[in-house]
Amino acid sequence: MAIKVLIIDDSALIRSLLTEIINAEPDLQVVGTAPDPLAARQRIKELNPDVLTLDVEMPKMDGLAFLEKLMRLRPMPVVMVSSLTEKSSAVTLKALEMGAFDFVTKPKIDIRSGIMEYAGELTEKIRCAYLSGRRMKRARGGEVRPAPEKLSADAVLPNRRDHFSSTEKVIAVGASTGGTEALKTFLAALPPDCPGILVTQHMPETFTKTFAARLNGLCQLAVKEAEHGERVLPGHAYVAPGNRHLMLARSGANYTVALGDGPPVSRHRPSVDVLFRSAANCAGANSLGIIMTGMGDDGAAGMLEMHAAGARTIAQDEESCVVFGMPKEAIARGGVDEVVPLEEIAGRLVAWLASHGRRSFRV
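The shown structure was predicted, so the numbers you read here are calculated from the model rather than taken from an experiment. (Residues numbered from 1 in each chain as written. Predicted model: local features only at pLDDT ≥ 70, side-chain atom pairs only at ≥ 80, totals over all residues. Heavy atoms only, no water.)

Asks: What is the right way to read the overall build of the chain from this model?
Replies: On a plain count of helices and strands, the chain comes out with 12 helices and 14 strands. For 363 residues, the compact-globule estimate of 2.2 N^0.38 gives 21 Å, and the C-alpha radius of gyration of the chain, at 20 Å, lies within 12% of that figure. Referenced to the eigenvectors of the C-alpha coordinate spread, the extents of the chain come out at roughly 65 × 40 × 35 Å. Surface exposure of the chain reaches about 14,800 Å², of which carbon and sulfur atoms provide 50%. (Helix = DSSP H or I, 4+ residues; strand = E, 2+ residues; numbered from the N terminus. Rg over C-alpha atoms; globule rule 2.2 N^0.38 Å. Areas by Shrake-Rupley, 256 points an atom, 1.4 Å probe, with all protein chains shown as cover.)

In structure tokens, the structure reads:
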């Protein structure tokens with residue numbers, strides 16, 4: 001039986017394009033559309049859809065107000081459809097906090113061809129949202145549509161170990177679907193004198209700066225969007241900018257941030273594989289890698305490289321993941337030392353630091 005989808009968007013063109021994309025998949029079916037949340041309420045009652053796609057900015061009632069009522073009165077899987085604007089980015093991140101499963105982005109120009117580029121991402125997120133709604137927290141394997149060539153981190157960064165001239169610790173974290181909330185839980189639990197943290201979260205441009213600012217207001221750490229060439233400081237977390245690879249680099253005995261515009265790796269830019277390889281290259285056993293909830297396998301190869309370089313490696317467990325794709329693949333490849341519930345990851349990091357010469361402190 002096909003997964004029933006209801007599309008809520010005030011644009012007739014977007015409704016038509018999303019319907020075309022979704023109905024092209026044999027296991028998905030658009031059972032109806034609605035131009036605004038007020039019309040959507042009646043359509044939900046009539047059609048009993050499995051998954052909603054929801055626009056952020058609409059007439060009569062905005063997407064957030066509708067989502068709040070929906071999650072309170074009739075919780076169901078929702079994939080947000082957001083434009084690439086600063087305002088929409090903030091609203092979409094708020095929607096994820098309120099219970100939306102994930103989001104896809106509307107293109108700014110050439111809407112038809114632009115949104116078709118997101119077809120595979122949209123349909124896979126609808127499937128994962130449906131599975132999550134049924135409390136089945138695992139991603140479907142395989143590609144829905146023909147995908148671009150899948151490159152390894154070799155396309156961006158050579159696999160070459162530096163001479164480690166210091167014992168300063170550094171943390172590398174990768175996440176995708178469900179990662180916005182997982183990262184908030186993890187980072188908010190860390191003390192202000194934690195070693196520097198580099199974070200790659202699959203997220204488009206304009207979203208990452210808003211996301212980092214939101215985390216900065218919730219954490220004892222200083223959280224910011226990463227800038228090329230800046231020093232990696234204790235008590236700071238650096239979020240990869242959308243559409244830029246984030247890498248750890250060295251300047252003498254200091255760690256620094258490097259940003260790159262190389263090709264997508266594991267079909268992502270920023271790529272977790274690139275971040276993890278750079279940590280293996282520059283920090284080796286002085287680094288700790290954490291892979292969190294997300295679709296696909298980005299980060300699995302890089303985590304194995306970190307493990308081979310002597311780093312400590314942790315994967316989020318299946319039960320606490322929204323999608324157990326990236327951690328599952330990293331575990332399967334043999335690069336993970338520990339599989340840990342989300343709420344315990346910060347504590348394991350603190351314990352690792354204490355066992356490596358850092359003073360003990362409370363999370």
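Asks: I keep staring at the sheet that holds strand β3 (residues 51-55) and nothing clicks. Help me out?
Replies: Strands pair in a sheet through their backbones, by hydrogen bonds, and they do so in one of two ways: parallel or antiparallel. The parallel open sheet is built from five strands, whose spatial order is β2-β1-β3-β4-β5. The sheet is open, and its two borders are formed by β2 (28-34) and β5 (102-106), each paired with just one other strand. Sheet twist, expressed as the average angle between the axes of neighbouring strands with direction ignored, equals 25 degrees. Both strand β1 (residues 3-8) and β3 contribute to a ladder of four bridges, which runs parallel. Across the sheet, the residue bridging to Leu6 is Leu52, located in β3. Each of β1, β3 and β4 (78-83) touches helix α3 (residues 63-73); the most contacted strand, β3, lies at about 155 degrees to it. The sheet contacts of helix α6 (residues 119-133) involve β1, β2, β3, β4 and β5, and relative to β5 the element is tilted by about 160 degrees. (Pairing = 2+ DSSP bridges. Axes fitted to C-alpha atoms, helices over the stretch in contact; angles between N-to-C directions. Contact = heavy atoms within 4.5 Å.)

Asks: What's the story with the packing of helix α7 (residues 179-188) against helix α12 (residues 342-355) in this structure? I'm lost.
Replies: Think of two packed helices as two axes; the pair is described by the angle between the axes and how far apart they sit. Direction vectors running N to C along α7 and α12 enclose 40 degrees, while the axes themselves pass 8 Å from each other. In terms of axis orientation, α7 runs oblique to α12. Classified by chirality, the crossing of α12 by α7 is right-handed. Two secondary-structure elements touch here, α7 through Ala182, Thr185 and Phe186 and α12 through Leu342, Ile345, Ala346 and Leu349. (Parallel < 35°, antiparallel > 145°, perpendicular 65-115°, else oblique. Left-handed = near helix turned anticlockwise from the far one by under 90°.)

Asks: Help me out: how do you make sense of the packing of helix α9 (residues 272-282) against helix α10 (residues 300-308) in this one?
Replies: It is at 7 Å that the axes of α9 and α10 come closest, and there the two elements cross at 10 degrees. Comparing their axes, α10 and α9 come out roughly parallel. Within the contact between the two elements, α9 uses Asp273, Phe276, Arg277, Ala279 and Ala280 and α10 uses Ala300, Ala301, Gly302, Met303, Glu305 and Met306. Of the residues assigned to the contact of α9 with α10, the class counts are seven nonpolar, one polar and three charged. (Nonpolar A, V, L, I, M, F, W, Y, C, P; charged D, E, K, R; others polar.)

Asks: Just checking my understanding: could you explain the packing of aromatic side chains for this structure?
Replies: Any aromatic ring pair is given by two values, namely how distant the centres are and how the planes are angled relative to each other. For the coordinates displayed, the defined rule picks out one aromatic pair. Here the aromatic rings of Phe103 and Phe207 are separated by 4.7 Å at their centres, their planes lie at 5 degrees, and the arrangement is stacked. Of this pair, Phe103 sits in strand β5 while Phe207 sits in helix α8 (residues 207-216); the two residues are 104 residues apart in sequence, bridging distant segments of the chain. On the basis of relative accessibility, which here comes to 0%, the residue Phe207 falls in the buried class. Of note, Lys125 hangs over the ring of Phe103, and the distance from its end group to the ring centre comes to 5.5 Å. (Phe/Tyr/Trp six-rings, centres within 6.5 Å; stacked < 30°, edge-to-face > 60°. Buried < 20%, exposed > 50% of the residue type's maximum accessible area, 1.4 Å probe, protein only. Lys NZ or Arg CZ within 6 Å of the ring centre and 35° of its normal.)

Asks: Please explain the confidence of the model for the chain as it appears in this structure.
Replies: Detailed reading of predicted coordinates is not advised where the pLDDT is low. Of all residues in the chain, 91% have pLDDT values of 70 or greater, and the mean over the chain is 88. In the predicted structure, residues 135-147 sits below a pLDDT of 50 and forms 29 contacts with residues beyond four places in sequence or in another chain. (pLDDT = per-residue confidence, 0-100.)

Asks: For this particular structure, what's the right way to read the environment of Pro59?
Replies: Within the secondary structure, Pro59 is located in the loop between β3 and α3. A relative accessible area of 41% places Pro59 in the partly exposed class. C-alpha separation for the pair Pro59 and Leu38, spaced 21 residues apart in sequence, amounts to 9.4 Å. Sequence-distant contacts of Pro59, defined by excluding residues within four places in its chain, comprise Asp10, Pro35, Asp36 and Pro37.

Asks: What exactly am I supposed to notice about the nonpolar core here?
Replies: Grouped burial of nonpolar side chains is what soluble globular proteins tend to show. Residues Phe186, Ile197 and Met292 are the most contacted members of the largest nonpolar core, which totals 54 residues. Looking at this core, the element that brings in the most residues is α12, giving six residues. Apart from the residues within four sequence positions on either side, Met292 is in contact with Val173, Gly174, Ala175, Ala182, Leu183, Phe186, Gln316, Met326, Pro327, Leu342 and Ile345. Among the nonpolar cores identified, the runner-up in size contains 29 residues, and Ala172, Leu275, Ala280 and Met326 belong to it. (Core = buried A, V, L, I, M, F, W, Y, C linked by side-chain atoms within 4.5 Å.)

Asks: Please explain the side chain of Gln316 as it appears in this structure.
Replies: Here Gln316 shows up in strand β13 (residues 312-316). The class for Gln316 is buried, based on a relative accessible area of 1%. In this structure the side chain of Gln316 is engaged in a polar contact, spanning 3.1 Å, whose partner is the backbone nitrogen of Thr293. A polar atom in the side chain of Gln316 sits 2.8 Å from the backbone oxygen of Ser320. Filtering out sequence-adjacent residues up to four positions away, Gln316 remains in contact with Ala182, Ile291, Met292, Thr293, Cys321, Phe324, Pro327, Val339, Val340, Leu342 and Ile345. (Polar contact = N/O pair within 3.5 Å; in protein donor to acceptor, adjacent residues only side chain to side chain.)

Asks: Explanation requested: the environment of Leu38 in the structure shown.
Replies: Here Leu38 is to be found in helix α2 (residues 37-47). Using a relative accessible area of 34% as the deciding quantity, one classes Leu38 as partly exposed. Aside from chain neighbours lying at most four places away, what touches Leu38 is Lys60 and Met61.

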